[in-house]
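Now for the letters of each chain:
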There are 2 protein chains.
Amino acid sequence: MSNADIKIVEVAIVGAGVAGLKAAQTILCDSRSKVKAKDVLVLEAQNRVGGRILTDRTSSKFAYNYDLGAAWFHDSLTNVVLKEATKLDNFNREQDTYYDDKDAKVYSQDGPVDLVETKINRVYDDLEKFIELYFYNDIEVEDMSLKEITNKYLDEYRNILTDEQQKYCRLLVRHYESWYGISWDIISAKYVLMDHHGRDLLNKNGYDFIIDKLKSDIPNESILLNAQVKVIDRSNKAHSRKILLELSSGIKVYCNYVVVTVPQSILQLPQSDPYGITWEPALPSNFQEALSSIHFGSLGKVIFEFDSIWWDKNEDRFTVLASETQDKPASEPITSHPKPFDYHTFIVNFASVHKENILRGSGLVILTQSPLTEYLESHSKEDAWRYYKPILEKLVVPGSTISNPINTIITDWTQNPYIRGSYAALHTHDDPSSLVIQLSGEIDNTGIVGHPNIRFAGEHAISDGAGCVHGAYSSGQREGEWVIQDMN
Amino acid sequence: MSNADIKIVEVAIVGAGVAGLKAAQTILCDSRSKVKAKDVLVLEAQNRVGGRILTDRTSSKFAYNYDLGAAWFHDSLTNVVLKEATKLDNFNREQDTYYDDKDAKVYSQDGPVDLVETKINRVYDDLEKFIELYFYNDIEVEDMSLKEITNKYLDEYRNILTDEQQKYCRLLVRHYESWYGISWDIISAKYVLMDHHGRDLLNKNGYDFIIDKLKSDIPNESILLNAQVKVIDRSNKAHSRKILLELSSGIKVYCNYVVVTVPQSILQLPQSDPYGITWEPALPSNFQEALSSIHFGSLGKVIFEFDSIWWDKNEDRFTVLASETQDKPASEPITSHPKPFDYHTFIVNFASVHKENILRGSGLVILTQSPLTEYLESHSKEDAWRYYKPILEKLVVPGSTISNPINTIITDWTQNPYIRGSYAALHTHDDPSSLVIQLSGEIDNTGIVGHPNIRFAGEHAISDGAGCVHGAYSSGQREGEWVIQDMN
C-alpha cells in the first residue's frame, strides 16, 4: 500500500452536504479551534459537493435557477441559514427570495374548488385540531395513518358537514404528501402536524449559495470527492488514531474524530449493500433499533417549461386534488402508467415567482411523492408529460390552450444510490425522536456508547429544523463545536 | 326578626347564572348526592336568572332570537354544553346552530381589503407566530401591549413587507378587541393568543335554552330573585351552620357550604361599594392580590334591523378596520361623540345566519369593546346609529343604498351594576392563572385558607373554557360535585 492510499487526519467528515461542510467550516474557522486545515478531511461519495442541495442553473430556457433539492427557507422567522444569508454581500433578500405562499388555488377533476365560500378551510382547521386533540392528552394513544384519522373525523362529524366539505376536506389533507414525500395511507397521524416558525420563503436564486459560501472557507485539498466510505472501524489497533475509515477506492483514513453526515437512508442500508456502511464492531442494539424506528421519504420534482403561459400567472401555487377513490392503496408501488388523478398534485408557479421578469413562457414546478416519485424518476420525460397533461389541463385559463412543454426536468433522488430519496419521514407507528436522541449525542448512554468521538449530523440528527437545510446546518455546527470543545 | 327573614340551608349558591344553576342542579340531581331540594338555595341579585346569558326573543322585527350576552359555542369540538345540548329533545343542531365562520369580509375606510391577494393573511400568521416565539422561551419576558408588539414586529420586518401589508396587518390585529372587549393598547401581548378547540358555532335559537334546562331541574322555591348578598361571614357564632350570608333585603342565610358565582367584577369591588360584598373577616391577602392581577372586559352589542338588505347577504361576518391614526389612545374613555373609524368594528350578518328564512329585511349584530361599549350603552339609539352609519356605508353593495334602521337594540352590560362588563380580560402585565388558582380550590393553601366550604365558580374561576359558557358550566359542575363529595 502506497502512502497516497493512507491518510492521517484529526477529523474526518463523511459527506459534503450542508451538515458536513458546516461541520468542517466550523472546525476550521471557529476562533476557539486549534485544528489546522491539513487535519480536516471531508469525504464525499459523489463527484460533487452539496448533497441534497442541488441548483440547476443551466437547463432552464428562461434562465431560472431550479433547486432540485431543498428550495425553501422554512421557518423563516427563526431560520439561521436565512439569517446568515442576509449578512452576505451577494445575497439580496428582495431579489433572491420570494414568499410564494398565497393561498393555493385548488382544483379537482371537476374544476376549481372554492375553499373559502364552502368553508372547507374552516372544516380543514377543525380536522387538524381534531388530530391534535386525539393524540394530545395521552402519549400512549395508538398511532394510525393520516387517511385513517381523516376518515375517523369525517365519520364522527358527518352530520354537521356538507357533502362538499366531506369530500374535499378528505382530499385536501393529502397536501401533507407534498411535505413528507410519502402517501397519506402510511403517514403517521400522531406526528403529521407541524409547527412552522414563520412563512416559507422560496430561494429564487438557488440554495447552492450556502454550499458555495461554506466551501469558500474550506481548502480544496480538505475535500475528497468520489470517496465512498465503506467501513468505519472503531476497534483498529494499527494506528494511534483511534478510528479507521476504509473507502471503496481502497484508501484508508485514520482519525481521532469522525462526523458522519451521510443521509439517514445510507445509515439504514444493510452492511451487505454496496452503498451501505460496515461498522466494526456492529452498531449497538439501541442504535440499530432507533434506525428502524423511522423511514425515509421520496419527495421529487418534475419541472415543465412552456413557451406560452396558459395558466393564471398571478397564482403562486396550484393544488390538483386526487380523485375520491383509487384502485389500490396510495402507497403501493406503481407497476404500470398511473391514472392522472390517482395522486395528489402540488405545483409552484414560476411565472408568479419570477414576476420581475415576465417572459413569453415560464415554468411549473411539480412536487411528487412516493410512489409516484420512484415511477417518474425512473421513466422518461414523455411519460411524465403523459401523466401530468390531463392534470395541468385543469389550470388552463379561459381563452388559452395547453401547450406541450419545451423543456422537462426530472429529479433523480430516488435513483441516486447515494441519496435514495429525500429526507426523514414518519410512517404510522414510527418514532420521531429515537434516532435523533441516538445521533445528537446530547444525552448520556446514547449513540455509540464508549465512542463519543463518532459524531452524527444531518437533517435526520436534529429536532429543530428536522428535514430542513437549517436543521442540517445547525447539526453540522453543533458537531463542529463539539469536536473543538473536546479537543480543547 | 321574623322567621321569614332567616333561612337555614345546607348549601347556598350566590348567583343564578349558568355556573350557579349548574352547581345547584348538580347538587340536586347527581345520583351520589343526598341533599334535598329544601337544603339548597340559589340567591340571585337581579330579578331574573341567566346572568350573562340573556336571549332577547321579543324585540326583533324578524322573529330573530338575539343573544345579548354569550352567543357562540366556542371550542365546538370539545364543548361540553354543546354535547349536552345535542342530547336534548328540543335542540336541533342543524336548525338551531350555524357556523358563521366564513372568512370575514374586510373593509377599511378606503373600501374592501383583499387579505388573500395581498398575502396579508400570511403576514398576519407570521405576526402571531412572532408573538408566540417572543414570549415562548422564557416565562420571565416582560409583557407589553398588543399594539406594542405589533409595532415591534412590523418594525423588525419592515424591509420584507409591502406598505399595504404593514398598514393593514396592524389594523387587522385589533380583531382581538372583539374577543376581549378591551382595546389593543392595553391587551396583554403575552396572553393574547388563543388555542381554539374547534370552530365557533353560533347559537341561533338562543343560549337561554341551557338556563331553561338547568332551571327545570331546580324547584322554583330553591331560587330566590332580587336577593343581593352583601356580607359573607365565615366567623359567625350565632348558628351551628358555619357561614352566614346577609342580603341587602335584611334576610340572613345560614349554611354549611356556599358557592360564590358572582361575576369577577363584583368580587373586585371594594366592600364599601353598594354592589360589593363584605367579607367577614376580610379576604386573605393572597386572595386579594389575585383579584387585582386581572381585569374585566366590556364586550357589548349594538343590533340594527333594516327593512331592506343593502349589504352582501352571503357573507357571515364583516370587519371594518379602524383608521391608521387616532387622536388619543384607544383605551381612553370617550367623552364626546367618537369619530366613526376610531375603533375596530366587527359585524355578524344575520341575513347569512338566517339563510333558511330570507326576508325583505334583516339585522346586523355589531360587537363593541371598551371604551366604545361604555359610551354606546350609556347613550341613545340615535347616537349609536350616528356613530355606525358611516361605518356600515362601506358594506353597501352596488345598486343599493343604506337605509335607516327600523329597530335598534343596545346591550347594557356595562351599565348593569350587577354585571359591570362582559368577562375576564387580561391587560398588559396581568396574570391569567393567579385568580383561577385561588378560586378553583384545586391546590392546597389557596382560596380562603381554612374555609374550604366557601367555593367559587364562574367563567373567571376555571382555565378550560375561561370566559365562556362551557367554562362557567364546568366550573359549576366541579363545585357541585365537590360539595357532594365533601358531604359524603
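Everything quoted here is computed from the prediction, not taken from an experiment.

*Asks:* Just to check I follow, could you spell out the overall build of chain A for this structure?
*Replies:* For chain A, the count of helices and strands is 15 helices and 24 strands. A compact globule built from 488 residues should have a C-alpha radius of gyration of about 23 Å, and chain A, at 23 Å, falls within 12% of that. Dimensions of chain A, computed from the C-alpha atoms along their principal axes, are close to 70 × 55 × 40 Å. In chain A, which comprises 488 residues, the share counted as buried stands at 60%. Restricting to contacts in chain A with at least 6 residues of sequence separation, those with at least 24 account for 76%. Summed over all atoms, the accessible surface of chain A reaches about 19700 Å², with 47% contributed by carbon and sulfur. Counting 49 positive and 69 negative side-chain charges, chain A places the averaged centre of each group 4 Å from the other.

*Asks:* Help me out: how do you make sense of helix α5 (residues 146-156) of chain B in this one?
*Replies:* In an α-helix, one turn spans 3.6 residues, which is why side chains three or four residues apart end up on the same side. Listed as buried for α5(B) are B:Leu146, B:Ile149, B:Thr150, B:Tyr153 and B:Leu154. Down the axis of α5(B), the sector holding all buried residues measures 135 degrees, keeping them to one side.

*Asks:* Just to check I follow, could you spell out the sheet that holds strand β10 (residues 201-203) of chain A for this structure?
*Replies:* Adjacent strands of a sheet pair through backbone hydrogen bonds, lying either parallel or antiparallel. All names here are of chain A. As summarised here, the arrangement of the three strands in space is β6-β10-β7, forming an open sheet in which the pairing is antiparallel. Only two strands of the sheet have a single partner each, and these edge strands are β6 (72-73) and β7 (97-98). Sheet topology places β6 next to β10; two bridges connect them, and they run antiparallel. Paired with Phe73 across the two strands is Leu201, which belongs to β10.

*Asks:* Please clarify how the environment of A:Ile27 should be interpreted in this entry.
*Replies:* Residue and element names in this part refer to chain A. Relative to the helices and strands, Ile27 is located in helix α1 (residues 18-29). On the basis of relative accessible area, Ile27 is assigned to the buried category, the value being 0%. When the C-alpha atoms of Ile27 and Pro333 are compared, they prove to be 43 Å apart, with 306 residues separating the residues in sequence. Among residues more than four places away in sequence, those in contact with Ile27 are Val11, Ile13, Ser33, Val35, Val40, Gly480, Val483 and Ile484.

*Asks:* For this particular structure, what's the right way to read the sheet that holds strand β15 (residues 257-260) of chain A?
*Replies:* Residue and element names in this part refer to chain A. Read from one edge of the open sheet, five strands run β11-β3-β2-β15-β24, paired in parallel fashion. Here the strands that pair on one side only, and so sit at the sheet edges, are β11 (223-224) and β24 (454-456). Across four bridges, the pairing between strand β2 (residues 11-14) and β15 is parallel. From the neighbouring strand, Ile13 faces β15, where its bridge partner is Val259.

*Asks:* What exactly am I supposed to notice about the interface of chain B and chain A here?
*Replies:* Many structure descriptions define interface size as the accessible area lost when the parts assemble. At the interface, 30 residues of chain B touch 30 residues of chain A. At the boundary of chain B with chain A, total buried surface from both sides reaches about 2700 Å², with 52% on carbon and sulfur atoms. By the criterion of area lost to chain A, the three top residues of chain B are B:Leu77, B:Lys119 and B:Arg199, representing 25% of everything that side buries. Between the two partners, chain B and chain A, sit eight salt bridges. Taken together, the connections running from chain B to chain A amount to 18 residue pairs in polar contact (both at pLDDT 80 or more). Broken down by element, the residue count for the side of chain B that touches chain A peaks at eight residues, all from helix α4 (residues 120-136) of chain B. Tallied by class, the residues present in the side of chain B that touches chain A amount to 10 nonpolar, six polar and 14 charged.

*Asks:* What's the story with the pairing of strand β2 (residues 11-14) of chain B in this structure? I'm lost.
*Replies:* Residues and elements named next belong to chain B. Judged by which residues are buried, β2 turns out to be covered on both faces: Val11 and Ile13 on one side and Ala12 and Val14 on the other are all buried. Here β2 runs beside strand β3 (residues 40-43); their pairing, made up of four bridges, is parallel. The residue of β3 that forms the bridge with Ala12 is Leu41. Read from β2 through helix α1 (residues 18-29) to β3, the crossover connection turns out right-handed.

*Asks:* Help me out: how do you make sense of unusual backbone geometry in this one?
*Replies:* Peptide bonds are, in most cases, trans, and in most cases residues other than glycine have a negative phi. With an omega of 5 degrees, the peptide bond between A:Ser370 and A:Pro371 qualifies as cis. Within the secondary structure, A:Pro371 sits in the loop between β21 (362-368) and α12 (372-377). Between B:Glu280 and B:Pro281 the backbone carries a cis peptide bond, its omega angle lying at -15 degrees. Tracing the backbone shows B:Pro281 in the loop between β16 (278-280) and α10 (285-291). In this structure, A:Asp75 is a non-glycine residue whose phi angle is positive, near 50 degrees. Relative to the assigned elements, A:Asp75 resides in the loop between β6 and α2 (80-87). The class for A:Asp75 is buried, based on a relative accessible area of 12%. At B:Asn226, a position not held by glycine, the phi torsion is positive, near 50 degrees.

*Asks:* Looking at this structure, I do not really get the pattern of salt bridges. What am I missing?
*Replies:* Working definition: two side chains of opposite charge can pair if their charged atoms are close together. Tallied over the entire structure, the rule returns 56 salt bridges over all chains. Of the charged contacts in the structure, one is a salt bridge between B:Arg317 and B:Asp100, with a shortest N-O distance of 3.3 Å. Residue B:Arg317 is located in strand β19 (residues 317-320), and its partner B:Asp100 is located in the loop between β7 (97-98) and β8 (105-108); the two are separated by 217 residues in the primary sequence. Taken together, the shared-partner salt bridges in this structure form one network comprising A:Asp30, A:Arg32 and A:Glu481.

*Asks:* Sorry, what's going on with the relation of the copies chain B and chain A here?
*Replies:* Two chain copies, one operation linking them: a rotation about an axis together with a shift along it. Of the two same-sequence chains, chain B is brought onto chain A (RMSD 0.0 Å, axial shift 0.0 Å) by a rotation of 180 degrees. Expressed as an axis order, the relation between the two copies is that of a two-fold axis. Taking the C-alpha atom as reference, chain B places B:Val116 closest to the rotation axis, 5.2 Å from it. The share of interface residues of chain B whose copies in chain A are also at the interface is 100%, consistent with both copies meeting through the same surface.

*Asks:* Hey, could you run me through the side chain of B:His427 in this one?
*Replies:* By secondary structure assignment, the location of B:His427 is in the loop between β23 (424-425) and α14 (434-440). Here B:His427 is in contact with B:Asp143, B:Ile182, B:Ile186, B:Ser188 and B:His295, once residues within four sequence places are set aside.

What counts and how
- Residues numbered from 1 in each chain as written.
- Chains lettered and ligands numbered in written order.
- Predicted model: local features only at pLDDT ≥ 70, side-chain atom pairs only at ≥ 80, totals over all residues.
- Heavy atoms only, no water.
- Helix = DSSP H or I, 4+ residues; strand = E, 2+ residues; numbered from the N terminus.
- Rg over C-alpha atoms; globule rule 2.2 N^0.38 Å.
- Buried < 20%, exposed > 50% of the residue type's maximum accessible area, 1.4 Å probe, protein only.
- Contact = heavy atoms within 4.5 Å.
- Areas by Shrake-Rupley, 256 points an atom, 1.4 Å probe, with all protein chains shown as cover.
- Lys, Arg positive; Asp, Glu negative; His and termini not counted.
- Charge placed at Lys NZ, Arg CZ, Asp CG, Glu CD.
- Arc of directions from axis to C-beta.
- Pairing = 2+ DSSP bridges.
- Buried area = accessible area lost by both parts, 1.4 Å probe.
- Salt bridge = Lys/Arg side-chain N within 4 Å of Asp/Glu carboxyl O.
- Polar contact = N/O pair within 3.5 Å; in protein donor to acceptor, adjacent residues only side chain to side chain.
- Nonpolar A, V, L, I, M, F, W, Y, C, P; charged D, E, K, R; others polar.
- Right-handed = clockwise from strand over helix to strand, strands pointing away.
- Least-squares fit on C-alpha atoms with pLDDT ≥ 70 in both.

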